Amino acid sequence: MSHDFFLVFLVLLSAKFFPVYTNSMSSSANLPVSPPLNSPTSSLTPSYPPQISPQIHVKGSAESIAPYVLLPGDPQRSTFIAQTFLTDSVLYTDHRGLLGYTGTYQGVRVSVQTTGMGCPSTAIVAHELINLGAKTLIRVGTCGAAAAHLQPADLVIAQGSVPNDGTVRQFLGGAPYAPLSSYAVLEAQVQAATARDFS
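Residues numbered from 1 in each chain as written. Predicted model: local features only at pLDDT ≥ 70, side-chain atom pairs only at ≥ 80, totals over all residues. Heavy atoms only, no water.

Topic: the overall build of the protein chain
Then, number 1: Within the protein chain, the secondary structure is distributed over four helices and nine strands.
Then, number 2: Along the protein chain, helices (α) and strands (β) appear in the sequence β-β-β-β-α-β-β-β-α-β-β-α-α when read from the amino end.
Then, number 3: For the protein chain, with 199 residues in total, the buried portion stands at 38%.
Then, number 4: Partitioning the contacts of the protein chain with sequence separation of at least 6, the portion at a separation of at least 24 is 68%.
Then, number 5: Element-wise, carbon and sulfur atoms account for 60% of the exposed surface of the protein chain, whose accessible area totals about 11600 Å². (Helix = DSSP H or I, 4+ residues; strand = E, 2+ residues; numbered from the N terminus. Buried < 20%, exposed > 50% of the residue type's maximum accessible area, 1.4 Å probe, protein only. Contact = heavy atoms within 4.5 Å. Areas by Shrake-Rupley, 256 points an atom, 1.4 Å probe, with all protein chains shown as cover.)

As for the packing of aromatic side chains
Then, number 1: A complete count under the given rule lists one aromatic pair for this structure.
Then, number 2: Plain terms: the ring middles of Phe80 and Phe85 are 6.4 Å apart, the flat faces sit at 80° to each other, and that makes the pair edge-to-face.
Then, number 3: The exposure class of Phe85 is partly exposed, given its relative accessible area of 34%. (Phe/Tyr/Trp six-rings, centres within 6.5 Å; stacked < 30°, edge-to-face > 60°.)

Some thoughts on the environment of Ala178
Then, number 1: Take Ala178: it is sitting in the loop between α3 (166–172) and α4 (183–195).
Then, number 2: For Ala178, a relative accessible area of 46% corresponds to the partly exposed category.
Then, number 3: The spatial distance from the C-alpha of Ala178 to the C-alpha of Asn164 is 9.5 Å, given a sequence separation of 14 residues.
Then, number 4: Once residues lying within four places of it in the same chain are set aside, the contact partners of Ala178 are Ser161 and Pro163.

Considerations on the nonpolar core
Then, number 1: Ranked by internal contacts, the top residues of the largest apolar core, which has 13 residues, are Ile65, Val69, Leu129 and Leu137.
Then, number 2: Contributing elements (two or more residues each) for this core: β4 (68–71) and α2 (119–131).
Then, number 3: The dominant element in this core, judged by the number of residues it contributes, is α2, at four residues.
Then, number 4: Counting 10 residues, the second-largest nonpolar core is a separate cluster that includes Ala82, Val110, Ile138 and Val140. (Core = buried A, V, L, I, M, F, W, Y, C linked by side-chain atoms within 4.5 Å.)

A short note on the pairing of strand β6 (residues 100–105)
Then, number 1: Summarising the sheet, strand β5 (residues 87–93) and β6 pair through four bridges and their orientation is antiparallel. The residue of β6 that forms the bridge with Thr87 is Thr104.
Then, number 2: When β6 meets strand β7 (residues 108–113), the two strands line up antiparallel, connected through six bridges. What sits directly across from Gly100, in β7, is Gln113.
Then, number 3: The hairpin formed by β6 and β7 contains two residues between the paired strands, and Gln106 there has a positive phi angle of roughly 50°. (Pairing = 2+ DSSP bridges.)

Re α2
Working note: α-helix, 3.6 residues per turn, so residues spaced by three or four point in the same direction.
Then, number 1: Between the first and last C-alpha of α2 there are 18 Å, a value that for 13 residues agrees with the 18 Å anticipated at 1.5 Å per step.
Then, number 2: Those residues of α2 lying buried are Ala123, Val125, Ala126, Glu128, Leu129, Ile130 and Asn131.
Then, number 3: Lining the buried residues of α2 we find β4, β5, β7, β8 (136–139) and α3.
Then, number 4: Looking one or two residues past α2, Gly133 carries a phi angle of roughly 105°, positive in sign. (Expected span 1.5 Å × (residues − 1).)

Brief notes about unusual backbone geometry
Then, number 1: Unlike most non-glycine residues, Asp88 shows phi in positive territory, near 55°.
Then, number 2: Take Asp88: its relative accessible area is 67%, and that puts it in the exposed class.
Then, number 3: At Ala153, a residue that is not glycine, the phi angle is positive and equals roughly 80°.
Then, number 4: Checked against the element boundaries, Ala153 lands in the loop between β8 and β9 (155–158).

Notes on the environment of Ile130
Then, number 1: Of note, Ile130 is situated in helix α2.
Then, number 2: On the basis of relative accessibility, which here comes to 5%, the residue Ile130 falls in the buried class.
Then, number 3: It is 9.1 Å that separates the C-alpha atoms of Ile130 and Pro67, two residues lying 63 residues apart in sequence.

Below is the structure:
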């Protein structure tokens, strides 16, 4: 299968703009829907430094996760990326079919972690990766296109997104939110695509 036939969709998330939050309440029973993160009544507080303990779904260790993580939904795509683009890639988890690999790309340590399909699974994986110390998360994969000028195999680098899903509503207590990527990561993606004549 050639990667040339994939419509690639990159949603750029940085742990700097997607901090890990834990509920500071003493009991987990009957937790209320969390208020917006900027609300003075929010019970959510940042969880730093990274939690070294094993995570429930991503069974890798902090040492096995690179600072930069690519997030395809499909486990076969994770394997394809690791085998095609990474040097000396090692499988660090296959728990629940969420395959995760770490290797190097042009001398830079990079992980590829399957998220599965849908927002709930992606949110769990992103949360656990950040708990393990990941700094930059980059969603890679296919997507549908609402714009008529987009064609199959076009490269799309997303500046932001408009979530219309239950996961975001649950996290933010129904508050409107349109996450934007880290500009530094976005700019690096655009420069890399331009240098390779993806236009």
